[in-house]
Amino acid sequence: MQITKTKEAFQSSLLLGALLQAGVRKAPQQQIHYRDQLSFTYRQLNTRVQQLAHVLTAQGVTVGQTVAVMDWDSHRYLECFFAVPMLGAVLHTINVRLSPEQILYTINHAEDDVLLVNSEFLPVLESIWSRIETVKQVIVLTDEPASTTSIATVGEYEALLAEAPANFVFPEFDENTRATTFYTTGTTGLPKGVYFSHRQLVMHTLAMRSATAGVGHGRFNGDDVYMPMTPMFHVHAWGAPLVATLLGVKQVYPGRYEPATLLQLIEQHQVTFTHCVPTILQMLLSAAGEQQFKGLKMIIGGAALTESLAVRALQQGIDVFTGYGMSETCPILTLSYLQPHMQSWSLEEQAVIRCKTGVPIDFVSLRIVDEQMQDVPHDGQAQGEIVVRSPWLTQSYLKDEEGSKQLWAGGWLHTGDLAVIDAQGYVKITDRIKDVIKTGGEWVSSLEVENILLRHPQIQECAVIGVPDAKWGERPLAVLVGAEQRPEGTELVAFMQTYVEKGLLSKYGIPDRFIWAAEIPKTSVGKLNKKLMREQYI
Ligand code: AMP
């Protein structure tokens, strides 16, 4: 039976604005820092969000419109996280690491109306500007006093905010309204759009808050100091800035990730909670030398954390542990905390647990299934695909019915990740079904690289696989079949570089190694047998 509602009863929606209000109420004087350039309080954050809402409204932004951002991790991004969705508009966080052609595709596909762009990316924007279809206004974000561009802009962010009034009344609307959208690299090379509602983001924030609350290692509480080291364009920096704001903790935004700046900010602000991909942790440890980190807790996700890297981080005082999720899942699905009795174990023994993929957080139903969707035994041996349900999973790919059906086949979201699960409930990813390569936290579509290689006159067949790499996690390796005159690797790199220059390929998509072979192994149905190739070439 449905609950009875009196006519006068107000039904509160789960809207993102409530997270901001909670933080401002708890800690109005708490500080938010952007590099060494700007600091302000939560109370001022609240005012700035309202000023931004005025600025955007003046540019015609209303319910249902899309506002895109191209920026590094900044206070401005945090303000957009709130102001844009609180207007009932959609925030499109553009992945600035995509190739210019992919950026163009995502802007047109998302039908962006207004674009906020860091002056550093103006040359990229200028190169695709004539082919952008829907953007009507551009606002410049800059740390420099002046920046010039051939694009007609509305003005500079800080100057526009300074002129805007300080009070804005945000509308109430349905919690199922779309709040954010962004793109992840599909296996075909064309980015796929995912999207999340206010309700989903609030639920994800509360579940993450509950999973990380309390005592024990790796927890995130009101006395922490937070700094992201995962881009805010990538799944809302794993949703952590929203949790940080809800908690009312001190926040530090580092801009572009430069190891020296990251280290300096961690030291200066005594940062205690952060998150990143393994490659960033590697960079940080290399830059730190023997430096010890005091009380720094760090979620590692986006790619598997290796035990050797975990031990190195632990030895330098970093409380490092795994988180797992994907763009489609908002993202957090699991965290790999030690259980209380494990906390006295040696660092090497702890690393085994910390490097597992983890245990599902509250409200996540996670199964590991065979091809018939039957659960595999929980014995740490039997491998299957991770499929999930939770309140915060993308409900489809934007304007992609076929891809959405595949993603949600049988009513479970298919991650494309293969894993085992042990009797204690810890999941461990063992392989990947999707034909993509993850290098330094960014995707490369094998198919896209293969298509470019096949345009070389001396290459008749090719297959690209990901091979493990100590620094980048994975790097592409190309296996080639061709004519007798086999070009050298340097010539092939130069050939692929021309596609990077045309904006068609990201520079990290160029394989490090090219191997000529007599033939490429195929499966019984004639597909490239990448599993066998990985066994042969890794
Ligand atoms: P993205 O959509 O770019 O966030 O990438 C998500 C994918 O990265 C997952 O489907 C996994 O393949 C991989 N991934 C994320 N976290 C982990 C992890 N902790 N261990 C291993 N692979 C991971």
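Everything discussed here concerns the structure shown above.
Residues numbered from 1 in each chain as written. Predicted model: local features only at pLDDT ≥ 70, side-chain atom pairs only at ≥ 80, totals over all residues. Heavy atoms only, no water.

1. Focus: the site of the ligand
Right, so step 1: Every one of the 17 residues lining the ligand counts as a neighbour, but Ser 327, Asp 417, Lys 434, Lys 438 and Trp 443 are closest to it.
Right, so step 2: For the ligand, a nitrogen atom lies 3.0 Å from a polar atom in the backbone of Gly 302.
Right, so step 3: Residue Lys 434 places a side-chain N or O atom 2.7 Å away from an oxygen atom belonging to the ligand.
Right, so step 4: Look at the ligand: alone it shows 500 Å² of surface, and the protein chains cover 95% of it.
Right, so step 5: In terms of residue count, strand S14 (residues 318-325) provides more of the shell around the ligand than any other element does, four residues in total.
Right, so step 6: Looking at side-chain class alone, the shell around the ligand contains six nonpolar, seven polar and four charged residues. (Near = heavy atom within 4 Å. Polar contact = N/O pair within 3.5 Å; in protein donor to acceptor, adjacent residues only side chain to side chain. Areas by Shrake-Rupley, 256 points an atom, 1.4 Å probe, with all protein chains shown as cover. Helix = DSSP H or I, 4+ residues; strand = E, 2+ residues; numbered from the N terminus. Nonpolar A, V, L, I, M, F, W, Y, C, P; charged D, E, K, R; others polar.)

2. Looking at the packing of helix H15 (residues 446-453) against helix H16 (residues 489-501)
Right, so step 1: Where H15 meets H16, the axes come as close as 10 Å, and the angle between the chain directions of the two elements is 115°. Between H15 and H16, the interaxial angle falls into the category roughly perpendicular. Taken as a pair, H15 and H16 cross one another with a handedness that is right-handed. Contacts between H15 and H16 pair Val 449, Ile 452 and Leu 453 from the former with Phe 495, Met 496 and Tyr 499 from the latter.
Right, so step 2: Across the contact of H15 with H16, the residue classes tally to six nonpolar, no polar and no charged. (Axes fitted to C-alpha atoms, helices over the stretch in contact; angles between N-to-C directions. Parallel < 35°, antiparallel > 145°, perpendicular 65-115°, else oblique. Left-handed = near helix turned anticlockwise from the far one by under 90°. Contact = heavy atoms within 4.5 Å.)

3. Remarks on the sheet that holds strand S17 (residues 365-369)
Strand pairing in a sheet relies on backbone hydrogen bonds, with the paired strands running either antiparallel or parallel.
Right, so step 1: Spatially, the four strands line up as an open sheet ordered S17-S18-S19-S20, and their pairing is antiparallel. Here the strands that pair on one side only, and so sit at the sheet edges, are S17 and strand S20 (427-432). Taken over all neighbouring pairs, the strand axes of this sheet differ in orientation by 45° on average, direction set aside.
Right, so step 2: Two elements, strand S19 (residues 413-421) and S20, share five bridges in a ladder whose sense is antiparallel. Across the sheet, Leu 418 pairs through a bridge with Asp 431, a residue of S20. (Pairing = 2+ DSSP bridges.)

4. What about the pattern of salt bridges?
Right, so step 1: This model, assessed by the stated rule, comprises 22 salt bridges.
Right, so step 2: Residue Arg 76 pairs with Asp 143 through a salt bridge whose shortest N-O separation is 3.0 Å. Of this pair, Arg 76 sits in helix H3 (residues 75-86) while Asp 143 sits in the loop between strand S6 (137-141) and strand S7 (155-156); the two residues are 67 residues apart in sequence, bridging distant segments of the chain.
Right, so step 3: Assessed through its relative accessible area of 32%, Asp 143 is described here as partly exposed.
Right, so step 4: Salt-bridge contacts for Lys 530 lead to Asp 435; the nearest nitrogen and oxygen are separated by 2.8 Å. With Lys 530 in helix H17 (residues 530-537) and Asp 435 in the loop between S20 and strand S21 (436-439), this residue pair connects regions lying 95 residues apart in the sequence.
Right, so step 5: We classify Asp 435 as partly exposed; its relative accessible area is 29%.
Right, so step 6: The network of salt bridges with shared partners includes Arg 48, Glu 79 and Glu 158. (Salt bridge = Lys/Arg side-chain N within 4 Å of Asp/Glu carboxyl O. Buried < 20%, exposed > 50% of the residue type's maximum accessible area, 1.4 Å probe, protein only.)

5. A few points about the nonpolar core
Right, so step 1: Membership of the largest hydrophobic core comes to 141 residues, with the highest contact counts inside it found for Leu 56, Leu 116, Leu 281, Met 298 and Val 320.
Right, so step 2: Per-element accounting of this core gives the leading share, eight residues, to H3.
Right, so step 3: Residue contacts for Met 298: discarding those within four places in its chain leaves Met 229, Thr 274, His 275, Cys 276, Leu 281, Leu 284, Ile 318, Asp 319, Val 320 and Phe 321.
Right, so step 4: Core analysis: the second largest hydrophobic core is formed by 20 residues, Val 444, Val 449, Leu 453 and Ile 510 among them. (Core = buried A, V, L, I, M, F, W, Y, C linked by side-chain atoms within 4.5 Å.)

6. Examining the side chain of Asp 71
Right, so step 1: Tracing the sequence through the fold places Asp 71 in the loop between strand S3 (66-70) and H3.
Right, so step 2: Judged by its relative accessible area of 1%, Asp 71 falls in the buried class.
Right, so step 3: Here the side chain of Asp 71 touches Asn 118 through a polar contact of 2.8 Å, side chain to side chain.
Right, so step 4: Setting aside its immediate chain neighbours within four residues, Asp 71 contacts Arg 76, Tyr 77, Val 96, Asn 118, Phe 121, Leu 141 and Phe 233.

7. So, helix H1 (residues 17-26)
Right, so step 1: Among all positions of H1, only Gly 17, Leu 19, Leu 20, Ala 22, Gly 23 and Val 24 are buried.
Right, so step 2: Buried residues along H1 sit in contact with helix H2 (42-58), H3, helix H7 (198-212) and helix H9 (240-247).

8. Re the pairing of S19
Right, so step 1: S19 sits mainly inside the fold: nine of its nine residues count as buried.
Right, so step 2: Alternating residues of S19 divide into Leu 413, Thr 415, Asp 417, Ala 419 and Ile 421 and His 414, Gly 416, Leu 418 and Val 420, and every residue in both groups is buried.
Right, so step 3: Judged from the four bridges that link them, strand S18 (residues 384-389) and S19 form a sheet pairing that is antiparallel. Pairing of Val 388 across the sheet is with Leu 413, part of S19.

9. Structural notes on the sheet that holds strand S25 (residues 513-516)
Right, so step 1: Sheet architecture is open: three strands sit in the order S23-S24-S25, paired in mixed fashion. Edge positions in the sheet fall to strand S23 (459-469) and S25, since each of these pairs with one other strand and no more. On average, adjacent strands in this sheet sit at an angle of 25° to one another, irrespective of strand direction.
Right, so step 2: Bridge count for strand S24 (residues 473-482) against S25 is four bridges, and the pairing is parallel. Bridge assignment links Val 479 to a residue of S25, and that residue is Ile 515.
Right, so step 3: Relative to S23, H15 is tilted by about 140°, and along the sheet it contacts S23, S24 and S25.
Right, so step 4: The strands touched by H16 are S23, S24 and S25; relative to S25, the strand with the most contacts, the crossing angle is about 120°.

10. Some thoughts on unusual backbone geometry
Right, so step 1: Cis geometry marks the peptide bond from Cys 330 to Pro 331; its omega dihedral reads 5°.
Right, so step 2: Along the chain, the position of Pro 331 falls in the loop between S14 and strand S15 (332-335).
Right, so step 3: In this model, Phe 363 sits at a positive phi of 75°, which is unusual for a non-glycine residue.
Right, so step 4: By the secondary structure assignment, Phe 363 is in the loop between strand S16 (359-360) and S17.
Right, so step 5: Its identity as a non-glycine residue notwithstanding, Lys 399 has a phi of 50°, on the positive side.
Right, so step 6: For Lys 399, the position within the fold is in the loop between S18 and helix H14 (401-407).

On their own, these measurements won't tell you what the molecule is for.
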